[in-house]
Every structure is written in structure tokens, then in C-alpha cells.
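# Working through the structure, step by step
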2 protein chains.
Amino acid sequence: MNFILNKYFIHLSEGEIPKYLLIEKHIKRLIDTNMVEDRERLPSIRKLAQFLNVNNITVINAYKKLQAEGYAIQKIGSGTYAKKKDIHKNFNREYSKALKRIFNEEIVDYVDFTGETPSGEFFQIDFFKNVLNEVLDRDGAKALICQESLGYEGLRSSISSVFWNKKVDKEDILIISGAQQGIDLVSKAILNINDSVIVEKPTYSGALSVFKWRRTEIFEVPIEKDGINMDKFEKILRKNNIRCFYTMSYFQNPTGVSCSNYKKIQILKLAQIYDFYIIEDDYLSELIYDNSIRYNSFKSLDNNDRVVYIKSFSKIFLPGIRIGYLIPPKRFKESIQNSKINTDISTSSIMQRALDLYIRKGLWKNYIETLNCAYKKRYIHMEKCILKYLRDKVEFLKPGGGLHFYLKIKENIKLNSVNIFRQGKDRGILITPGLLFYKNALEGKNYFKISFSHTNEEEIEYGVKILSEIIK
Amino acid sequence: MNFILNKYFIHLSEGEIPKYLLIEKHIKRLIDTNMVEDRERLPSIRKLAQFLNVNNITVINAYKKLQAEGYAIQKIGSGTYAKKKDIHKNFNREYSKALKRIFNEEIVDYVDFTGETPSGEFFQIDFFKNVLNEVLDRDGAKALICQESLGYEGLRSSISSVFWNKKVDKEDILIISGAQQGIDLVSKAILNINDSVIVEKPTYSGALSVFKWRRTEIFEVPIEKDGINMDKFEKILRKNNIRCFYTMSYFQNPTGVSCSNYKKIQILKLAQIYDFYIIEDDYLSELIYDNSIRYNSFKSLDNNDRVVYIKSFSKIFLPGIRIGYLIPPKRFKESIQNSKINTDISTSSIMQRALDLYIRKGLWKNYIETLNCAYKKRYIHMEKCILKYLRDKVEFLKPGGGLHFYLKIKENIKLNSVNIFRQGKDRGILITPGLLFYKNALEGKNYFKISFSHTNEEEIEYGVKILSEIIK
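Procedures and definitions
Residues numbered from 1 in each chain as written. Chains lettered and ligands numbered in written order. Predicted model: local features only at pLDDT ≥ 70, side-chain atom pairs only at ≥ 80, totals over all residues. Heavy atoms only, no water. Core = buried A, V, L, I, M, F, W, Y, C linked by side-chain atoms within 4.5 Å. Buried < 20%, exposed > 50% of the residue type's maximum accessible area, 1.4 Å probe, protein only. Helix = DSSP H or I, 4+ residues; strand = E, 2+ residues; numbered from the N terminus. Pairing = 2+ DSSP bridges. Contact = heavy atoms within 4.5 Å. Buried area = accessible area lost by both parts, 1.4 Å probe. Salt bridge = Lys/Arg side-chain N within 4 Å of Asp/Glu carboxyl O. Polar contact = N/O pair within 3.5 Å; in protein donor to acceptor, adjacent residues only side chain to side chain. Axes fitted to C-alpha atoms, helices over the stretch in contact; angles between N-to-C directions. Left-handed = near helix turned anticlockwise from the far one by under 90°. Nonpolar A, V, L, I, M, F, W, Y, C, P; charged D, E, K, R; others polar. pLDDT = per-residue confidence, 0-100. Domains from an automatic or database assignment.

### Focus on the nonpolar core
In terms of nonpolar packing, the biggest core is built from 243 residues, with Phe317 and Ile450 of chain A together with Phe233, Phe317 and Ile450 of chain B touching the most fellow members. With 12 residues, helix α17 (residues 363–390) of chain A is the single largest residue contributor to this core.

Written as C-alpha cells, this is what we have:
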């Protein structure tokens, strides 16, 4: 026995530093240096306490701290296990570091296929500047002082009439600082620790992060060309007490899939039967290029108060303004509002006022039309380029809208998407590997995403051509 | 036995609604109607399952759902207990509803002693408008498009040189959307569920909310005229594994107390010995009226990387712009930055750029000087009024700065602060009862806070006079 315990030995002198801290630091070092391996079971509390000649509580505190630092996991009834940082986190870090470096140094000759939002090249800054000045002349210091916890009333009322034809009351709208905050607020207000959520597989990594941080159990349901696989979805619902289903209803990130009306209605029915809520992240539904696609949000089909609707203005409009809105189910209205107050009190008032006036003047509508026209051209062009250069190397679905394509590397190709990312980076092309979109990162190794929001037609052609040279 | 279980009986027919949901709804009704009392132990899983002739898992799911809805608490090894909403929540709701109603209807003839931030009456909107236009002319669409996860570089560099004399590097500064978000980010990045934190007693309710939501164990240490009681602080540290201590170092909210240099140094030493971190919420240190008070933040005294420094620009400058910054300990830099990304990606870029230019032009400094001068007058006046009208009714400490006084109702007075709040409201005076600042709300029933940020000298005199009529 002591043979196994030996590596845990540490000399515990009486001193200012509590013993449990010395023990914790020692075990951390064992894990960092691979003396204790990932997922190796640590000694039981009683045994280690006996071996080190300390109280049980000292070892308990040491293990508690290891857990807090992410170096251990406790499994009820089974003990405490060592933990190393996972591959997902590692690649995530590599990816975001690479992007940060490139963007911070403002290296401009990259072909950037990683864009998540419009680039601003079609935005008429002068219109917005006039609107901003009009707001300051109209509202004075009020525009900078007010903290409205639901958000600026004028903007809520614009949203109600322009986007919802007054079918949603302005009092039921909460202004938020972008969709990411929406997911965070909902998760704080509705999800408890150890609750279970279902997400699409693959899905937006920012949502996965929030659910992980909230310590929920995450179930993934594979996505098909018209939405999630309903059989697998129901199977999970039958066996588990599911609290929420997170979905992007149009041009899902990353697959580009839009959920069919039929499946939407089925999912809403199931929500009522199995008592769960649908978090609908409506992030790009303005950009529909395929005329056969009709816009029907889950929210507009919801008769049973089951949908949390989240809309980002940052995604489609101006990423830097950080504004979106959320329509909660009535029963969660108060708790989601409190969640907002606890998170950041309220969203910047002046930007809400400017956006409101921008919408009222019809400038929003014009801008979206401009974007639609410009991005449709790029969409068609990117599809052509993929077919021209990558036909034998990748498979893909036509999303019919949005800002990107999701490509599956064909099985005869030996390269995975991390290789393509790294080689691409060296040759001036940035792509988003599929790894970011799965709970288990490795499932995404044969997929990557290319977006056309930050690239003109010439760059699209050049970038796809280089990709075809990399993927052999 | 069945006699006790009888009230739990429910007819479970085969149907679309799962049985566990029917059971959960039934028990909820029992709690709502007081058939099951607060903290009453619910039947054991096995017994209820037998009694209702269902599987154990059905009851487990029902109890799990009750917990999720906040209707039950599980105590490991002891069972599941009913739970009712607490008095804190109830009064909180009454208070914020009253304020919301009054402010939304823009009833202006109230004397508002609840202000937490400067009112904006001294703010020169034209200066800010010019700055904003200069930014838009200089940066164009970039000002609206950029998402910088650390925040706008120019602002970070201004903060580094103007507020920290370059002793803090701009790369170690994270721009946030106000102090409330700072607390939320830190709590996500540093605190784990079931971690323990120490707060001052009383303390800012927004911080209490965040720690409660994060499911941490909260210890309170009473505050004295020069900071927390050190004996009680150390006693808690010795017995518990404390992760963080949350403190407002100057003009603490609500007591107005500033922590002495001596205690700051002691606390920093203890942080090193007991391995905890200090969350310093520096929210109003610009407003010092008593010349004997010197400004030394915990952060500036910290040699061991123990302090998370949070500074709100919203509090002192413009509440509606929602900007602040955070200086993390180096070891948490990455996790707090990720926490920001997961929470709302980044803070509105244009406002950061405007604030940066505003600081660079020296306008910030001028504005703070104006505020200092104006609020010092009000401070002196309010103290005079309290001594004139309330001398026999309340006790208080002179904060020497900030925006408010915290009054203790003398023991011979029968009224508590909720009574005063309610009667004040009816007579057009708004105060903040102490209840909001304690973990156990009732401990605050003999205290209330009056702020002079939204009231001129005439209103101060009138308001305090009315309060003296109410408190008999």
C-alpha cells in the first residue's frame, strides 16, 4: 500500500502555510509532471490522512482546493480523480491566440474565412453619426445617465412594432448586450447546477461554454438537413429530465441548416409534454438568399409560453455596439430580468437610443437590404468556387442564407481540419476548424467552416484555391 | 405512516403528462397553500414511491424538478426539504417595484435619497458630444465594429498612465461593462460552486446576489469605523477554506466606512497565509471631502498578486455608459478574460473610445473636480440637517466622502426602516432600508441609507425634516 502512496509523501512542518495547501500544491505538481496521470484515482481521504499523519479534514480541504483549481474531479461514492486540461481547451486556445495575434497586429493580407459577422464595409457611418447627434440633441445627458433595467422604452416599442407587428408587447422585451449575454442570462435564470440541456450537434461554442460553466449536463443531438434528428431527441427526453433545448433556428452555426416548420412544431409539442424550454438564438435570419425558405421563428409558433427568444443586433448590424433583445416566457420574465440586473445592471442607454432612431428612420431596413444583396453575390460565388476547386475533397449542404459554408472533408483525405487550419495560417488563409463546435472536440476534426463576410469575390476565389492545394 | 403521507396522495392516470411532473405540481401546490410548511421534510423517496405505487426514479425526478424551481432543497444524507421564498427576496421586490413605478412614471416631486450615482446635473453634454463626433470622424465604422476582448487599447493605455502612473501595464487591464459585471465575471472565473466567500456586513446587495447565484457559502464580518473586525475575520479564515473576500475599500456601501491602511496591510498578509483573493470594488474613491483620508487601494499595496481590482466609471461618471475596468491577479488573467468572452464577448467599443478621448483631453479631471466641489457642499449640508432634525433619533459615522450617510435608528425608537420606507414613500421621500445589505435581511431593519446625489440642499433639508416627523 505504502508503495503506491509513496509519491504522495510530503514533509509537513509547522509553519505559516496551512497543511492542506502544502498537500494541494504537492499533488498539483504530481499531476503537472505526469507522476499522477489524467483520470488517475487519488488515494482515499482516510488513507492519505493516515499516511501523512494529518486529520481527514486537511485532506478534504486539499482535495476541495484541487477541484476548485480544475485539477481534480469528485465522483460521488467513488472518490477523487486527477484531471488534466482537455484537448478542446487546448485547441481553443491555439485558435484564439492565432486569431488575436493576427488581428492585433492588423496583418491585412490574410484571407479571413473566420468572420462571424458583417464586416462593416457596407455601413454608412455618416447616417449613424447624424442619428447619434440627433439623439444627444434630443435627450441631452439623459441619454448617458439613464439605466433602464428592461432597456430603453423607445427601442422596445420599435422592436415590438417593426419586428413583431405588435404581437409581442414592449413590456415583454428585455434589451441585452448581445446574444452571448442572452444565453448567459437565461442559463443563470432558468438552469440550475446539474440540470440537463440539449444542444444541436455541432453547435455554437459560446453556448457550449456557458452551459459548461453553469455545470449543466449537456446532451447533443445530431443535426440533419432540416433540423435535429427527432428520434434521438425524443429518446433523450424520455430518459432524462431536460430543462432546456438550445437551437439556432436559421442558418445554424456552424452547419448552416435551417429547422423545418414541421420539426419546429414537433419540438414545441414535445416541450409541452416533457416540460422543457426552447432557447431560440435567432442570429442571422435576415440573410435569406433562397426564396423557398420562409421565416417562422419558434417564438411565433409558440402557444404554450415555451420559448426564450434571443436576437442579436450585433451579429447582423454592428458587432461593436453590443445590443440585442430577449423575449422570455412570461413565467420567467422576472427571474431573467433579475438575472440581467445581477449581471450588468443594464445595457448602454445611448446606443439603444441611437439604434431606435436608426430603425425608426428606416435606415435599418435599407442597410439590411444592402447586406442581403451584397452577401447573396458572395454566397453564390463561394459555392461556385467550392464546386470548382474542392468538389473531390469536401461535401457540403447549401444553407440558402447566412454567411458561411460548413464543409466535410471526404473520407479518402488524410488531412484533418487542424492540419488545414495550421497550413492555411502559414499560407495566409484563416479557416475555422470543426473542433470548436462539439462537446467532444475530436468529432469535429473532419469538418471546417468558411465564411464570406470578410472577403470579397476575388479573395474568396484565391482562398478556396489555396485550400484546394493544401487538401491533397 | 400513511396518515402523514395522505396529503401527498395524487391520482396518477396514464396520459401524455409524465407522472413525475404531476407529482411535482401537486407538491408545489401543497407548499404554496401551506399544507407543507417551509423547511418541512418531504417524505423519503422510497416511501413516497411505495405510497404512490411508482418507481423511485419518478419521485427522484419530481424532487429534482422541485429543487430546480426553488421549491425544495436537498441536504446530502438527510433528505429533501420544502422551501418558501425568503423575506429578503420579498422586500427586495417591494423596494424595486416601488422605485421602478416612481421612476418610470417620472414622478418628479419626490425627494430621492436612494441615488447610487451622480445625477448628471453637473455634466456638460456638449463636451461629450464633441468628443463622440471626434471619435467617429477619426475611427469611422471601426468604432462601431471592433470587438476587442480586453477592451479598446487606447482606453487601457489612458487608464494605465492617468490612473496608475504606468505601474499597471495596459495588457493587464480588462475593460468591463460596469462594476456589477466585474463581480459577476470574477465570481464565474474564480469561484466554484460551494466555495466560500467573506463579505463585509453590511454590504452591497448586488454583490450578495451574485455570490448567492453562484451557490457559494457566504460569511459576513461586521464592519467597524476603520474596516472589518479583524478578530472575527481571522477566526473565519482559520476554520474555513475561504476563496475570496469582497470589499469596498472607500466609503463602503452602505456604511460609508473606509478601510484603514493598517487593516489593508493586515488583510493582504492574511490573504497570503490563508490563500484567498481580495475582490476590491473601488467605486467612489474620487469623492474624498475629508483631507485626512489618503487614497491607497488594496491593489497598490499588493505584492503577492492577491487583489482583483474593480473600478466602475459608471458609478462616478455616467451610469448609462456602462464602462469600468478590472485588474486581475496575473494567475487569473486568462480565466477572467474568458469569463468576459463567455458573458458578453466585449464592451461597446465606441463608448470606450469616447471615454478615452474624454480622459486624454483632461475633461475627466475637470468633471471630477466639479463633482467633488458640488457634493462636498451637499455632504456638509446633509450632516448639518441630520444633526438638526434627527440627532435624538439616529446614530451615524461621518464617512468623509462618497455620496451618502448610513443611519442607525436609536434603540428607543419603535419604528423600523421598512416602516420608514413605506411612510416616507407616501409622503414623497425615498430612502433605502438597511434590509437590502444583509444576508439575513432582518439584521438591517434598524438602519437606513440616505444619499445626496439626486437632491439639492433645499430638498435635503425638506426630506430630512419629513423623516424626523415620521420617526417619532
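Now that the structure has been shown, the text picks up again.
### Quick notes on the sheet that holds strand β8 (residues 242–247) of chain B
Two modes of strand pairing occur in sheets, parallel and antiparallel, and in both the strands are linked by backbone hydrogen bonds. All names here are of chain B. Pairing is mixed in the open sheet, where eight strands are placed in the order β4-β11-β10-β9-β8-β5-β6-β7. On the outer flanks of this sheet lie β4 (174–176) and β7 (227–228), each paired with one strand and no other. The pairing of strand β6 (residues 217–224) with β7 spans two bridges and is antiparallel. By the bridge assignment for β7, Glu224 is matched with Gly227.

### Things to note about the interface of chain A and chain B
With 77 residues of chain A at the contact, the number on the chain B side is 77 residues. Summing both sides of the interface, chain A and chain B together bury roughly 6,200 Å²; the carbon and sulfur share of this comes to 52%. Remark: the boundary between chain A and chain B carries six salt bridges. Remark: the boundary between chain A and chain B carries 22 residue pairs in polar contact (both at pLDDT 80 or more).

### Topic: the packing of helix α3 (residues 45–52) of chain A against helix α4 (residues 56–68) of chain A
Packed helices, taken two at a time, are described by the angle their axes make and the gap between the axes. All names here are of chain A. The geometry of α3 relative to α4 is characterised by a closest axis approach of 8 Å and an angle of 115° between their N-to-C directions. Where α3 crosses over α4, the two elements pack in a sense that is right-handed. Contacts between α3 and α4 involve Ile45, Arg46, Leu48 and Ala49 from the first element and Asn56, Val59, Ile60 and Tyr63 from the second. By residue class, the composition of the contact of α3 with α4 is six nonpolar, one polar and one charged.

### Side note on the confidence of the model for chain A
Of all residues in chain A, 97% have pLDDT values of 70 or greater, and the mean over the chain is 90. Within chain A, the lowest mean pLDDT, 64, falls on helix α1 (residues 2–5) of chain A, and the highest, 98, falls on strand β7 (residues 227–228) of chain A.

### What to know about the sheet that holds strand β12 (residues 394–396) of chain A
Residues and elements named next belong to chain A. Strand order in the open sheet formed by four strands is β12-β13-β16-β15, with antiparallel pairing between adjacent strands. This sheet does not close on itself; its edge strands, each paired only once, are β12 and β15 (432–433). Packing of α17 onto the sheet brings it into contact with β12, β13 (404–409) and β16 (447–451), and relative to β13 it is tilted by some 15°.

### Here we look at the domain arrangement of chain A
Residues and elements named next belong to chain A. Segmenting chain A into domains produces domain 1 (2–82), domain 2 (88–114 + 366–470) and domain 3 (125–361). Counting from both sides, the interface comprises 23 residues of domain 2 and, opposite them, 28 residues of domain 3. Counting the surface lost from both domain 2 and domain 3, the interface buries some 2,300 Å², and carbon and sulfur atoms represent 62% of this. Interface area lost by domain 2 to domain 3 is led by Tyr367, Phe437 and Lys439, which between them contribute 25%. Across the domain 2-domain 3 interface, the total number found is one salt bridge. Note that Lys201 and Glu443 form a salt bridge whose closest N and O atoms lie 2.6 Å from each other. Counting residues per element, the side of domain 2 that touches domain 3 draws most heavily on α17, which supplies seven residues. When its residues are assigned to classes, the side of domain 2 that touches domain 3 shows 13 nonpolar, six polar and four charged.

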